[in-house]
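# Structure at a glance
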Amino acid sequence: MSRRTLIAAGAAASLLPAGIAAQRRGSNAARFSLGYAPHEGSFASRGGRVEQIAYAADQGFTAWEDNEAATRSVADQTAMAKALADRGMTMGVFVASMPQWAKSRPLLGAGDGADREGFLADIRASIDVAKRLNATRMTVVTGFMDPKVPVDIQTARVIDVMRRAGEIVAPHGIAMVMEPLNTRTNHPGVYMQTVAQGYAVARGANSPAVKVLADLYHEQIQSGNLIPTLATCWNEIGYIQFGDNPGRKEPTTGEINYRSIVRWLRAKRYAGVIGMEHGNSVPGRPGEDRLIAAYREIDAA
């Protein structure tokens, strides 16, 4: 099978088995048509992590994500994996190599290769986490800009380290998804700022284990033009996250037309996870109810 065939198949079919497994279990509500994934805190009033997973399943959600999973104990990771398996839910992403935000590190494009070696060590350590969680996707942030190094040189070095990381991860059936982040509101100074930039790095890395995470909140702030961007970069997109702008809250609270995006993803037969990478616009249980209602609204589009 060619690399291009593997990439095209990955976004559309990698998560189908979990969806089939989910059909074996009942729910108190109709299942959503796409794999929206809440996270700990989405339903905080319902109890701890395991209780929130059970509640999400009862509302028709079929996936879950946890950025902090790699920092949790083995016992906590195992308990979460069991809770998801018991409800036939798919595990979405966790962060494989957490940046040092306050220090603006790592500098993966710097002349000194120490940060690149540290990044690769994180990737190696994350493989066991992914296996424990039954996760096939893990998030990576490609670090910060080095003002002393030309951008093109930094790009070449980022491509090189991502290719090396792909060689580590690919044999395990896992893909890293590189997350472009906006610099205008949240993350000034990061290296990867748009989905198009991620597409270029993924093509350069030339590995089915190196893909792009399309967080539509970040992309809307930095570039906009969401559906054409998704269409152009589709073969390198391995994961999607929602969040409205401004505010980074649930869909229908801002300017992004998530109804149109859902229709487009359904037409593409996207079967992967969609991370709910945002907060709730209203605190407490009323906010949780509003969150569910917002996803029902866009899912009915």
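Below you will find a few notes about this structure.

Definitions and cut-offs
Residues numbered from 1 in each chain as written. Predicted model: local features only at pLDDT ≥ 70, side-chain atom pairs only at ≥ 80, totals over all residues. Heavy atoms only, no water. Pairing = 2+ DSSP bridges. Helix = DSSP H or I, 4+ residues; strand = E, 2+ residues; numbered from the N terminus. Axes fitted to C-alpha atoms, helices over the stretch in contact; angles between N-to-C directions. Parallel < 35°, antiparallel > 145°, perpendicular 65-115°, else oblique. Left-handed = near helix turned anticlockwise from the far one by under 90°. Contact = heavy atoms within 4.5 Å. Nonpolar A, V, L, I, M, F, W, Y, C, P; charged D, E, K, R; others polar. Phe/Tyr/Trp six-rings, centres within 6.5 Å; stacked < 30°, edge-to-face > 60°. Salt bridge = Lys/Arg side-chain N within 4 Å of Asp/Glu carboxyl O. Buried < 20%, exposed > 50% of the residue type's maximum accessible area, 1.4 Å probe, protein only. Right-handed = clockwise from strand over helix to strand, strands pointing away. Core = buried A, V, L, I, M, F, W, Y, C linked by side-chain atoms within 4.5 Å. Polar contact = N/O pair within 3.5 Å; in protein donor to acceptor, adjacent residues only side chain to side chain.

### Notes on the sheet that holds strand β4 (residues 95–97)
Judged by pairing direction, the sheet is parallel, and its seven strands sit side by side in the order β1-β9-β8-β7-β6-β5-β4 without closing on themselves. The sheet is open, and its two edges are formed by β1 (35–37) and β4, each paired on a single side. The sheet shows a mean angle of 35° between the axes of neighbouring strands, direction not considered.

### Details of the packing of helix α9 (residues 226–233) against helix α10 (residues 258–267)
Close contact between α9 and α10 brings their axes to 10 Å; oriented N to C, the two are set at 25°. Classified by the interaxial angle, the pair formed by α9 and α10 is roughly parallel. Seen from above, α9 lies across α10 with right-handed handedness. Two secondary-structure elements touch here, α9 through L226, I227, L230 and A231 and α10 through S260, I261 and W264. Looking at the contact of α9 with α10 residue by residue, the classes come out as six nonpolar, one polar and no charged.

### Some words on the packing of aromatic side chains
Applying the stated criterion across every chain, the model contains eleven aromatic pairs. Seen in terms of ring centroids, W101 and F144 are 6.0 Å apart; in terms of plane orientation they differ by 80°. Their pairing is edge-to-face. In this pair, W101 is assigned in the loop between β4 and α5 (114–133) and F144 in the loop between β5 (137–140) and α6 (151–169), connecting sequence segments 43 residues apart. Seen from their ring centres, W234 and Y270 are 5.8 Å apart, and the 70° between their planes marks the pair as edge-to-face.

### Focus: the pattern of salt bridges
One pass over the structure, following the stated rule, counts 15 salt bridges. A salt bridge links E288 to R46; its shortest N-O distance comes to 3.3 Å. Taken together, the residues span a long stretch of sequence, with E288 in helix α11 (residues 284–299) and R46 in the loop between β1 and α3 (49–58) at a distance of 242 residues. On the basis of relative accessibility, which here comes to 3%, the residue E288 falls in the buried class. Across the salt bridge formed by R248 and D215, the nearest N and O atoms sit 3.5 Å from each other. Here R248 is found in the loop between β8 (237–242) and α10, whereas its partner D215 is found in strand β7 (residues 210–215), with 33 residues between them in sequence. For the pair R248 and D215, one class covers both residues: buried. In the salt-bridge network here, residues are joined through shared partners; they are E40, R49, D66 and R72.

### Section: the pairing of β8
Counting buried residues along β8, six of its six residues qualify, which places the element largely inside the surrounding structure. Pairing between β7 and β8: four bridges, direction parallel. Counted as the bridge partner of L213 is Y239 from β8. On the question of chirality, the crossover connecting β8 to the parallel strand β9 (residues 273–276) by way of α10 is right-handed.

### With respect to the nonpolar core
By size, the foremost hydrophobic cluster in this structure holds 70 residues, and its most contacted members are Y36, I123, M162, F242 and L265. Those residues in contact with M162, other than ones at most four positions away along the chain, are F119, V140, T142, M176, M178, V201, A205 and V210. Counting residues in hydrophobic clusters, the runner-up holds seven residues, among them A37, V177, L213 and Y239.

### Some thoughts on the side chain of S97
Looking at the element boundaries, S97 is found in strand β4. A polar contact is formed between the side chain of S97 and the side chain of D122, at a distance of 2.8 Å. Here S97 is in contact with F119, D122, T139 and V141, once residues within four sequence places are set aside.

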